[in-house]
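Listed below, chain by chain, are the residues.
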Amino acid sequence: MFTQIKVPHEIILNYSEDTLERCAHLLQQDELVAVPTETVYGLAGNALSENAVRKIFNVKGRPLIDPLITHFKCAEAAFSLVYASAAAETLAAAFWPGPLTLILEKRAIIPDIVTAGLSSAAIRVPRQPMMQALLQRLNFPLAAPSANPFGYVSPTRPEHVAHTLGSKIAAILDGGACAHGIESTVLDLRDSRKPQLLRPGPIYAEAIETVLSLKVLRADQTQQKGAQLSPGQLTRHYSPNTGINIIEHGQLHLDPRPGEAVIANRKPGGTTKDHVYWLSETGDLVEIARNFFDLLQKLDRMDYQTLSVEAAPELGIGLAFNDRLRRAASVSVKQAIR
Ligand code: TXA
Ligand code: MG
């Protein structure tokens, strides 16, 4: 069961010059601030401070073997801390600022705790304007995993962060609902001739292939299904406390049993029944992905025993949606979050 936490609403800060300054000040003091990005909310701390980064792992309950993404204000700042390549520069020019994370060999200045001891680092330049304004104000980059307790559903609104981590962090910068609502695409670019997709997201493999004129290796071409793709990219992830059933696309039944909620891709025709929900009026894939975590967070606070969720078509952002859905459904033992 979800443990209801008293939400300290005063930690959700409306965006202004003053609150931006307050967030910058907190981060300079090695405190943590939840920040809006165009994908999901991040739990941010000074990436160059071991002390701040350690707090991120503690607050999330994240194992130290699971490396973090470092967020920069611009490509130039990002590439000064890793060993970039022509392919990395090309992708940055095409997709940054935006929801693409690149894995490249790191320079020594990035603390080992950020990368879980790996020689590579995950870097990205976010597009969200408030996050950009905050990064512009700081003279260090921000390490930020998604701002959820480890293994739980990623937050796409400030209230989601407040409900789960609100008692453990200094502030949440309110950027409203996230534009994509699903995490960035992660691309392993350590070998620039063999880019490998580690996590599907809003930047599609096909778009990367067009820009690089190279084939992108998909995980299912190189790994066993369900295997761990990258450190921390665990099969069991993004999971609500309520059990999830995956229903094939187009096969959803619209007669929920007692204790069951049904989540369709698009609004069903005719009169709708109780406990039937949908992610988009029209079946638009981008909207389906954007609303998924938000609806999971909401339904997980209700009394359902099972959420039956319709899979999306395997194309575009539907690939990222189905990836998160499979991981959310693969929990065998439910853990109550605190
Ligand atoms: O959209 C996003 O990427 C959000 C926002 C806040 O930027 N962040 C996010 O962070 O989703 P997180 O920590 O929840 O996911 C980071 C992913 C993990 O799957 C991790 O294993 C992978 O990136 N990763 C980080 N560093 C890596 C590395 N050096 N090699 C391979 N994978 C890495
Ligand atoms: Mg995460």
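Provided above is the structure to which this section pertains.
So, here's what we can say about the structure. (Residues numbered from 1 in each chain as written. Chains lettered and ligands numbered in written order. Predicted model: local features only at pLDDT ≥ 70, side-chain atom pairs only at ≥ 80, totals over all residues. Heavy atoms only, no water.)

As a further point, take the overall build of the protein chain. Each helix and strand in the protein chain was counted, giving ten helices and 14 strands. In the protein chain, of all internal contacts separated by at least 6 residues, the share reaching a separation of at least 24 is 67%. (Helix = DSSP H or I, 4+ residues; strand = E, 2+ residues; numbered from the N terminus. Contact = heavy atoms within 4.5 Å.)

Once that is clear, we can look at helix α1 (residues 17-28). The end-to-end C-alpha distance of α1, which contains twelve residues, comes to 16 Å, matching closely the 16 Å that a straight helix rising 1.5 Å per residue would cover. Along α1, the residues classified as buried are Thr19, Leu20, Cys23, Ala24, Leu26 and Leu27. End-on view of α1: buried residues confined to an arc of 160 degrees, all on one side of the axis. Along α1, exposed side chains directed more than 90 degrees from the buried face belong to Glu17 and Asp18. Looking at the buried positions of α1, the neighbouring elements they touch are β1 (12-14), β2 (33-35), β3 (42-46), α5 (129-137), β7 (142-143) and β8 (171-174). Phi for Asp30, located one or two positions after α1, is positive at around 70 degrees. (Expected span 1.5 Å × (residues − 1). Buried < 20%, exposed > 50% of the residue type's maximum accessible area, 1.4 Å probe, protein only. Arc of directions from axis to C-beta.)

One open sheet holds the four strands; their spatial order is β11-β14-β12-β13, and the pairing between them is parallel. Edge positions in the sheet fall to β11 (243-247) and β13 (276-280), since each has one partner strand and no second. Averaged over all pairs of adjacent strands, the angle between their axes in this sheet comes to 25 degrees, without regard to strand direction. Here strand β12 (residues 260-266) runs beside strand β14 (residues 306-310); their pairing, made up of four bridges, is parallel. Opposite Val262, over in β14, you have Ser308 as the bridge partner. Lying over the sheet, helix α10 (residues 318-329) contacts β11, β13 and β14, oriented at roughly 135 degrees with respect to β11. (Pairing = 2+ DSSP bridges. Axes fitted to C-alpha atoms, helices over the stretch in contact; angles between N-to-C directions.)

Across the sheet, ten strands lie side by side as β1-β8-β2-β3-β7-β4-β6-β5-β9-β10; this open sheet has mixed pairing. At either margin of the open sheet sits one strand with a lone partner, and together these are β1 and β10 (196-199). Bridge count between β3 and β7: two bridges; the pairing is antiparallel. Pairing of Gly45 across the sheet is with Ala143, part of β7. In this fold helix α2 (residues 50-60) packs onto β3 and β7, with an angle of close to 155 degrees to the strand it touches most, β3. Strand contacts of helix α4 (residues 86-95): β5 (100-105) and β9 (185-188), with the helix running at about 165 degrees to β5, the strand carrying the most contacts.

By secondary structure assignment, the location of Asn245 is in strand β11. Residue class for Asn245 comes out partly exposed when judged on its relative accessible area of 34%. When near neighbours in sequence (up to four residues on either side) are disregarded, Asn245 contacts Thr306, Leu307, Ser308 and Val309.

Across the interface, α1 lies against α5 with an axial gap of 10 Å and an inter-helix angle of 55 degrees. In terms of axis orientation, α1 runs oblique to α5. In this structure, α1 meets α5 at a crossing whose hand is right-handed. Where α1 approaches α5, its residues Glu17, Leu20, Glu21, Cys23, Ala24, Leu27 and Gln28 are matched on the opposing element by Met130, Ala133, Leu134 and Arg137. Of the residues that constitute the contact of α1 with α5, the class distribution is seven nonpolar, one polar and three charged. (Parallel < 35°, antiparallel > 145°, perpendicular 65-115°, else oblique. Left-handed = near helix turned anticlockwise from the far one by under 90°. Nonpolar A, V, L, I, M, F, W, Y, C, P; charged D, E, K, R; others polar.)

Next up on the list: the pairing of strand β6 (residues 120-124). Summarising burial for β6: five of the five residues are buried, a large majority. Neither face of β6 is left uncovered, since the one carrying Ser120, Ala122 and Arg124 and the one carrying Ala121 and Ile123 both have all their residues buried. Pairing analysis gives three bridges linking strand β4 (residues 69-71) to β6, with the strands arranged parallel. Bridge pairing in β6 places Thr70 opposite Ile123. Bridge analysis of β5 against β6 gives four bridges, and the strand direction is antiparallel. Along β6, the bridge assignment pairs Leu102 with Ile123.

Here the focus is the pattern of salt bridges. In the structure shown here, the tally under the stated rule is 19 salt bridges. For Arg137, the salt bridge identified is with Glu21, shortest N-O distance 2.6 Å. Taken as a pair, Arg137 in helix α5 and Glu21 in helix α1 lie far apart in primary sequence, 116 residues in all. A residue is classified by how much of its surface remains accessible, and Arg137, at 29% relative accessible area, is partly exposed. Relative accessible area serves as the criterion here: at 41%, Glu21 is assigned to the partly exposed category. Each of Glu183, Asp323, Arg324 and Arg327 takes part in one network of salt bridges that share partners. (Salt bridge = Lys/Arg side-chain N within 4 Å of Asp/Glu carboxyl O.)

Interpretation in functional terms is not warranted from these geometric data alone.
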